[in-house]
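Observations on chain architecture
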Amino acid sequence: MKLRKVLAMFLVLIMSMSLLAACASDEEKGDTSEEVKTESNETTDKEEAEAPEGLQPEDGAELLVWESEGPEGDFMERAIEEFNKIYPDVTINYEPVGHTDAKGKLALDGPAGVGADVFAAPHDHLGELVESGLIIPNTEFNANYAETFVPAAVTAVTYKGETYGYPVSIETYALFYNKDIVDEPVKTWDELKEFAKEYNNPSENKFALMFEAANAYYDYMFLGGYGSKLFGESGEDREQLGFDNENGVEAMKFLHSIRTDIMDIAAADISYDVMMQGFNSGQFPYMINGPWAIQDCKDAGTNFGIVELPVLPNGEHPESFSGVRGLYVSSYTEYPNAAMLFANFCADLEMTKERFEITHQIPVRTDYQVEDEFIAGVMAQAKYAKPMPAIPEMGSYWTVMGSVYTNIWEGAEPEAELEAAKEAMLAMYE
């Protein structure tokens, strides 16, 4: 017992001496110790990311975000993780909702208080979103958009002179070609017709080209290439249909010539799956498709390339539709500051790089150029692309022109079809 008491007293003595020594050391260090403490805190803050000055999220902000599932959803979850390093007090939940479905869902869920605060949508939905009062303008972060984003992206998220969206990616379609069959891709439609004369073998279902010939998304490239500007140069004049003239008739005559000279296949027998299977198997050396098909072609082991669409007989490039995917802030949100901060965060430079790595969708920032041979091919065509008009009347184009293109592909007279389309679209305005 005596030995234990001696040891205990000895330990107390050692601890007391250490404490006194430490106090003395701190006094000697004076301000230096405080400086070390401050530097340590600053380092920790930087690792957690610093919240920038300016707009700040509301206290207790909670956001619901809609984006398509798959790679886009994976990106959104990544963006939430990174955003919370800067704004740890903002709660964000992600719900998979297709970007083409968001508009209709928000119209129902927004007034009920269960809609998204931030959601993804294609830019041709913008007009209806604005006219329906479903979104609020992007007034906080649009000052440098002209320098930050490519012109097509800026145009796409702007409606009647006001910026609404936060652009994140762009897409259009171009000419895919099979390198195992084609050494040098054609540069004109006339060259493609000559190639078809040698290559086509209907008995073996071999055709030089395959594309969704009765799809209004693709067939606009002929109208635009022949000078028919849907809804005018701005795309916002609903009275300017663009196709009810000689240019429109010439464009549709050329569309039908593709049926007779290159791919004599009934519209009912054409589908996306048929096109992809035939291209990857070598039945169709060429196809018109978008960047969403790149990964499938890679997975199939196809040796392929992508170039701009062939030049038309009139010497002009086809004017393909381009689509811009953007994020929008709901007018029903209770936390507009937090919602705008998050939408803008998803479109900044670092998250744009993250988005491309996850989704492989084409970035729209001018300060980030992707070095990828396939993306470069799509972007070559993007120079001649027109953003899909965003006015609400665009819905009438999709409804009416799909049937018109199908009828013309099957042999109907372009003049009569276009006149009927004009009357039908104008009647839908009533």
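Residues numbered from 1 in each chain as written. Predicted model: local features only at pLDDT ≥ 70, side-chain atom pairs only at ≥ 80, totals over all residues. Heavy atoms only, no water.

**A word on the side chain of Glu417**
- Tracing the sequence through the fold places Glu417 in helix α17 (residues 414-429).
- No salt bridge is formed by the buried Glu417, whose closest oppositely charged neighbour, Arg259, lies at an N-O distance of 13 Å.
- Discounting chain neighbours no more than four positions away, the residues touching Glu417 are Val404, Asn407, Ile408 and Ala412. (Helix = DSSP H or I, 4+ residues; strand = E, 2+ residues; numbered from the N terminus. Buried < 20%, exposed > 50% of the residue type's maximum accessible area, 1.4 Å probe, protein only. Lys, Arg positive; Asp, Glu negative; His and termini not counted. Salt bridge = Lys/Arg side-chain N within 4 Å of Asp/Glu carboxyl O. Contact = heavy atoms within 4.5 Å.)

**A few points about the pairing of strand β9 (residues 286-289)**
- What you see with β9 is no split at all: Tyr286 and Ile288 on one side and Met287 and Asn289 on the other are buried throughout.
- Looking at chain direction, strand β7 (residues 174-178) and β9 are connected through four bridges and run antiparallel. Bridge pairing in β9 links Leu175 to Ile288. (Pairing = 2+ DSSP bridges.)

**Side note on helix α10 (residues 246-261)**
- Counted at 1.5 Å a residue, the expected span for α10 with its 16 residues is 22 Å, and the 22 Å between its end C-alpha atoms agrees.
- Regarding α10, the residues found buried are Gly248, Val249, Ala251, Met252, Phe254, Leu255, Ser257, Ile258 and Arg259.
- The elements touched by buried residues of α10 are α8 (189-199), β8 (209-210), α9 (216-225), α16 (394-409) and α17.
- One side-chain oxygen at the N-terminal end of α10 lies 3.2 Å from the backbone nitrogen of Asn247; it belongs to Asn245. (Expected span 1.5 Å × (residues − 1). Polar contact = N/O pair within 3.5 Å; in protein donor to acceptor, adjacent residues only side chain to side chain.)

**With respect to the packing of aromatic side chains**
- Considering all chains together, one arrives at 24 aromatic pairs under this definition.
- Clustering of aromatic rings is evident, with ring pairs tying together Tyr173, Tyr217, Tyr218, Tyr220, Phe321, Tyr397 and Trp398.
- Lying over the aromatic face of Phe149, Arg365 brings its terminal NZ or CZ to 5.6 Å of the ring centre. (Phe/Tyr/Trp six-rings, centres within 6.5 Å; stacked < 30°, edge-to-face > 60°. Lys NZ or Arg CZ within 6 Å of the ring centre and 35° of its normal.)

**Side note on unusual backbone geometry**
- Not every positive phi belongs to a glycine, and Asn205 is a case in point at roughly 55 degrees.
- Checked against the element boundaries, Asn205 lands in the loop between α8 and β8.
- Although it is not a glycine, His360 sits at a positive phi angle of roughly 60 degrees.

**So, the nonpolar core**
- In terms of nonpolar packing, the biggest core is built from 130 residues, with Leu209, Phe211, Met263, Phe342 and Met401 touching the most fellow members.
- Those residues in contact with Met263 that sit more than four places away from it in its chain are Phe207, Leu209, Met210, Phe211, Ala213, Ile258, Ile270 and Trp409. (Core = buried A, V, L, I, M, F, W, Y, C linked by side-chain atoms within 4.5 Å.)

**Notes on the pattern of salt bridges**
- Scanning the entire structure with this criterion turns up 21 salt bridges.
- Its salt-bridge partner being Lys179, residue Glu373 comes within 3.7 Å of it at the nearest N-O pair. Here the residue Glu373 occupies a position in helix α15 (residues 373-382), and Lys179 occupies one in the loop between β7 and α8, the gap between them amounting to 194 residues.
- Take Glu373: its relative accessible area is 53%, and that puts it in the exposed class.
- A salt bridge links Arg238 to Glu393, with the shortest nitrogen-to-oxygen separation between them at 3.2 Å. You can see Arg238 sitting in the loop between α9 and α10 and its partner Glu393 sitting in the loop between β12 (386-387) and α16, a full 155 residues away along the chain.

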